[in-house]
Amino acid sequence: MARWCYRHRLVVLLIWVGAVFGLGFAGSAAGTDYANTFSLPNTDSTRAYDLMEKAFPQSAGDTDTVVWKVDEGSVQDESVRSRIEPKLAEIGKMAGVGEVTSPYAADGAGAAQISENGRIAYAQITFTEQANGVPKETVEDVVDTAQAAERDGLQVELGGQAITRTQEPPAGVAETVGIAAAAVVLFLAFGSLFAMLLPLVVAIAALGTGLMATSLLSHVTDVPEVAPLLGSLIGLGVGIDYALFIVTRHRRGILRGMKPEESAVTALNTSGRAVLFAGGTVCIALAGMLVMNMRFLDGVVIATSLTVVLSVLAATTLLPALLGLLGMRVLSRRQRRKLAATGPEPAEASGLAARWSSYVERRPRSTAALALLAMLILALPVLSIRLGATDQGNHQESTTTRQAYDLLAEGFGPGFNGPLQVVVAEGDANALVATIRTTEGVAQAAAAPPSQGITVIQVVPTTSPQSEQTDQLIDRLRDEVIPASGTEAHVGGVTAIFKDFAAVTGDRLPYFVAAIISLGFLLLLVAFRSLIVPLTAALMNLIAAAASFGVLVAIFQWGWGTELLGVGKEGPITAFLPVIMLSLLFGLSMDYQVFLVSRMHEEWVHTKDNARAVRVGLAETSRVINCAALIMICVFSAFVLSGDMEGAMAGIGLAAAVALDAFILRTALVPAAMHMLGNSNWWLPAGLEKRLPHLAVEPKEEAPETGDPAGPAGGASVVHGFVRDAEGAPVEGAAVTLLSQGGGRQLDRVTSLADGSYILSVPAPGAYLLAATAESYGTRARQVTVEDSPLVYDVELTEASEDEMDTVN
């Protein structure tokens with residue numbers, strides 16, 4: 001398929017352009033119909049909601065609030081009424097506004113909308129549509145009209161779901177900032193404008209089609225408003241990273257002398273397979289959210305999985321077509337000039353990556369201990385995590401919604417912003433009202449006129465909706481007050497719904513974690529034919545999750561830097577966020593684990609030397625893993641600018657998770673642990689080996705005839721080890737040659753890497769001559785005998801020139 005896309009690039013490009021514009025036109029014409037469905041089957045709040053919906057059909061529109069406060073006097077003063085009443089009347093006549101309930105009603109019905117001290121009052125505005133259906137221009141007109149009544153000593157603020165829309169930044173700000181940051185990282189990594197653009201174009205094409213398709217699906221199934229935001233977040237991250245893996249392999253192939261077409265085909269057949277595997281694991285991890293049996297999460301699964309699938313599709317079809325258009329221009333001008341002047345270059349790991357890999361090999365225990373200590377310290381805050389819901393009280397202090405929230409809390413009590421609704425189906429509602437009024441934690445309670453035998457009691461707590469005391473009040477009403485009254489009643493309302501949502505999430509979360517960890521174990525077991533590697537990966541995933549949630553708790557629950565980041569006031573962690581984050585974290589961690597361990601596994605198959613396999617695997621993959629992680633961190637962190645608290649939480653949490661996973665776990669803790677475990681890493685019982693299916697995640701590339709440090713293409717074995725000086729320091733750039741026993745024929749020749757390592761292909765068991773020489777050092781030659789298994793042999797070079805013959809078995 002890669003070759004077909006490469007050769008028929010114009011056809012592929014036209015198909016993708018048609019898909020993007022076609023879905024864009026259809027999505028714009030149809031609009032969106034997002035729905036937040038937080039109710040859960042068999043919960044008390046859902047029973048209350050069902051009874052209310054039957055007896056009191058809700059009005060079609062969203063109800064928002066205008067709040068005003070005077071510094072002196074009373075809101076009843078004529079000077080205040082003369083400014084507020086005309087504005088409320090003007091709002092009531094606007095198109096899209098159904099009703100305005102004023103505290104200044106002639107019949108005195110609005111007296112309850114004025115605070116006890118007379119300095120704060122509110123009016124309710126009911127739109128003809130739900131919040132997401134109200135034109136933004138209408139809401140802005142309402143805000144401008146109401147706030148035009150302000151003067152010195154008179155403050156006017158507005159709150160509600162529709163009002164929140166006026167505070168949202170322009171659509172696409174977070175995505176644009178994330179793409180710009182990713183572009184900078186890609187340019188620094190590739191040094192080529194065209195190579196930089198490739199992952200961005202692929203990600204944007206996948207994201208555009210994914211978001212438009214999600215908006216269309218919202219008309220046929222329940223998709224929550226947060227779903228497209230999360231789809232953008234994960235789509236940009238994986239879209240850029242998947243293309244990065246393939247482009248990196250393609251560029252390396254060209255630099256090693258391959259023609260652009262063959263290099264592209266090879267890149268898709270190797271890294272492309274890894275992308276398919278990684279994308280599949282992300283989708284499976286996301287589908288694991290279905291284990292939670294929550295309707296709200298079903299739409300999230302649809303949006304995020306669809307975006308990931310389209311990202312994989314774009315990376316495996318659109319990307320080879322773009323590679324065909326660019327040809328050699330995927331390399332920078334400097335690289336093209338160097339390739340023409342000096343010819344192909346070996347793809348040898350050197351520099352900082354090789355030095356760090358050697359350091360981890362020499363000091364695995366101290367490296368693992370420091371990395372584990374850092375992760376455990378970061379994970380400590382997770383012990384105090386509290387799940388709940390955010391509301392307008394968590395908005396930034398400068399926003400009108402936060403000001404309105406605070407004014408209502410000041411005038412009518414902290415619980416006014418999140419009243420409870422006790423729905424009485426059978427029994428004496430008046431007696432229950434009297435009992436509830438005397439219950440600890442209740443500020444006021446009043447019953448509405450009954451309808452169809454159903455009575456709703458409005459209960460205002462003394463504490464805020466996010467307070468633990470409010471949760472305790474809900475439990476008190478359900479467990480003590482209502483059963484003792486002998487009535488059949490249920491506690492509902494937004495606050496109770498989110499409490500039940502958090503409780504159900506907490507109860508089902510262990511099953512969800514067990515499901516995705518077990519799935520990851522099985523996938524890695526099949527891929528790497530090992531029991532220890534998947535066990536290590538499962539443990540690392542749990543450590544990464546705990547540390548990232550620790551960071552999340554410290555910032556958003558403890559408030560360490562929330563105002564500095566511009567994300568508002570601290571509060572509980574949104575109840576559904578752990579499920580979504582664990583799914584995404586599992587999928588992304590699998591990406592890095594597969595990319596890292598597949599190279600180690602390939603080296604292990606060649607040499608059967610665990611130390612070398614881990615060292616080479618880390619040295620050759622750490623750079624691209626860190627680059628990919630840096631891009632994801634930029635993309636995820638940019639979602640702080642989304643204007644959405646849940647989006648900011650998910651962005652910061654995932655950015656922290658990726659940073660910890662890539663820079664601490666995969667770069668330090670995983671390789672250090674694998675060095676300490678030794679050959680046990682690759683142990684698999686013989687009986688299990690026979691029963692497992694074979695899955696090639698990333699097939700081996702064909703090795704050149706000579707000089708390739710990746711190992712022999714089909715020889716009997718290898719000789720490998722280190723070249724060091726007399727003091728034990730690695731010697732880089734030493735020429736190591738394998739000769740026939742008499743020295744008359746050269747069989748293989750390589751150059752030692754930055755850590756002094758080398759590996760030579762051996763055609764068959766037998767005796768050979770191994771020679772090593774380097775500038776400023778003498779030449780040393782030794783006779784070595786190689787049997788069926790790889791031979792580990794270190795060479796020591798000294799200042800004196802001498803030939804020495806040893807026999808090594």
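The structure presented is a predicted model; accordingly, all values stated were derived computationally and were not measured.

Rules used in this analysis
In this convention, every chain numbers its residues from 1, walking through the sequence in written order. For a predicted model such as this one, the threshold for reporting local features is a pLDDT of at least 70, and the threshold for listing and counting side-chain atom pairs is 80 or more; totals across whole chains, interfaces and linings nevertheless cover every residue. Based on all heavy atoms of the structure, the side-chain values leave hydrogens and waters out of the count. Only DSSP runs of H or I reaching four residues or more are called helices, and only runs of E reaching two or more are called strands; each is numbered from the N terminus. Exposure is judged per residue with a 1.4 Å probe applied to protein chains only, and the accessible area is read against the type maximum: over 50% gives exposed, under 20% gives buried, and values in between give partly exposed. In what follows, residue pairs with any heavy atoms lying within 4.5 Å of each other are defined as contacts. A 1.4 Å probe and the Shrake-Rupley method give the accessible areas. Residues count as covered only by the protein chains that appear here. Counted charges follow a simple rule, with Lys and Arg positive, Asp and Glu negative, and His plus the chain ends left uncounted. Charge positions come from single atoms, namely NZ of Lys, CZ of Arg, CG of Asp or CD of Glu. Note on pairing: DSSP must find at least two bridges between two strands before they are called paired. Working convention: axes come from line fits to C-alpha atoms, limited for helices to the stretch in contact. Angles between N-to-C directions cover 0 to 180 degrees. As used in this structure description, the phrase polar contact means that two N or O atoms lie within 3.5 Å; if the pair is within protein, one of them must be able to donate a hydrogen and the other to accept it, and residues adjacent in sequence are counted only when both atoms belong to side chains. Salt bridge, as applied in this entry: a Lys or Arg side-chain nitrogen positioned within 4 Å of an Asp or Glu carboxyl oxygen.

A few words now on the overall build of the protein chain. A count of helices and strands for the protein chain gives 24 helices and 19 strands. With the C-alpha coordinates aligned to their principal axes, the bounding extent of the protein chain is approximately 115 × 55 × 50 Å. Taking all 809 residues of the protein chain together, 56% fall into the buried category. Counting contacts in the protein chain only where the partners sit at least 6 residues apart, residues at least 24 apart contribute 76% of the total. Of the accessible surface of the protein chain, which amounts to about 33400 Å², a share of 56% is contributed by carbon and sulfur atoms. Here the protein chain contributes 54 positively and 80 negatively charged side chains, and the mean placements of these two sets differ by 10 Å.

A word on the sheet that holds strand S7 (residues 442–447). Read from one edge to the other, the open sheet built from 4 strands follows the order S7-S8-S6-S9, with strand pairing classed as antiparallel. Each edge of the open sheet carries a strand with a single partner, namely S7 and strand S9 (488–492). Strand after strand, the sheet turns through a mean of 20 degrees between neighbouring axes, direction not considered. Bridge count between strand S6 (residues 420–426) and S9: 5 bridges; the pairing is antiparallel. When the sheet's bridge partners are listed, Glu426 is paired in S9 with Glu488.

In this section: unusual backbone geometry. Phi is mostly negative for residues that are not glycine, and the peptide bonds are mostly trans. Of note in this structure, Gln452 is not a glycine but carries a positive phi near 55 degrees. Among the structural elements, Gln452 can be located in the loop between S7 and strand S8 (455–461). The exposure class of Gln452 is exposed, given its relative accessible area of 60%. Backbone geometry at Arg529 places phi at a positive 50 degrees, although glycine is not the residue there. Its location among the elements puts Arg529 in the loop between helix H18 (494–528) and helix H19 (532–557).

Reading across from one edge, S2-S3-S1-S4 is the order of the 4 strands in this open sheet, with antiparallel pairing throughout. For this open sheet the edge positions go to strand S2 (97–101) and strand S4 (154–159), each flanked by a neighbour on one side alone. Taking each pair of neighbouring strands and ignoring which way they run, the sheet shows an average axis angle of 20 degrees. Inspection of the sheet shows strand S1 (residues 63–70) paired to strand S3 (residues 120–127) by 7 bridges, in the antiparallel sense. Across the sheet, the residue bridging to Val66 is Ala123, located in S3. Lying over the sheet, helix H4 (residues 78–92) contacts S1, S2, S3 and S4, oriented at roughly 155 degrees with respect to S2. Contacting S1, S2, S3 and S4, helix H5 (residues 136–147) crosses the sheet at an angle of about 160 degrees to S4.

Take the side chain of Ser102 next. By the element assignment, Ser102 lies in the loop between S2 and S3. We classify Ser102 as buried; its relative accessible area is 17%. Separated by 3.0 Å, the side chain of Ser102 and the backbone nitrogen of Tyr104 make a polar contact. When near neighbours in sequence (up to four residues on either side) are disregarded, Ser102 contacts Leu88, Gly110, Gln113 and Ala123.

This paragraph deals with the environment of Leu738. Considering the arrangement of structural elements, one finds Leu738 in strand S12 (residues 735–739). Beyond its immediate stretch of four places on either side in the chain, Leu738 contacts Arg745, Gln746, Leu747, Asp748, Leu760, Ser761, Val762, Tyr768 and Leu769.

A few words now on the pattern of salt bridges. Close approach of charged atoms lets side chains of opposite charge pair. Scanning the model with the defined rule gives 13 salt bridges in all. Here Glu85 makes a salt bridge to Arg81, at a shortest N to O gap of 3.5 Å. Here the residue Glu85 and the residue Arg81 both occupy positions in helix H4, the gap between them amounting to 4 residues, near one helical turn. For the salt bridge of Arg724 with Asp794, the shortest nitrogen-to-oxygen distance reads 3.5 Å. Of this pair, Arg724 sits in strand S11 (residues 717–725) while Asp794 sits in the loop between strand S17 (791–792) and strand S18 (795–797); the two residues are 70 residues apart in sequence, bridging distant segments of the chain. Given a relative accessible area of 40%, Asp794 falls into the partly exposed group. One connected set of salt bridges, linked through shared partners, spans Arg3, Arg7, Glu261 and Glu262.

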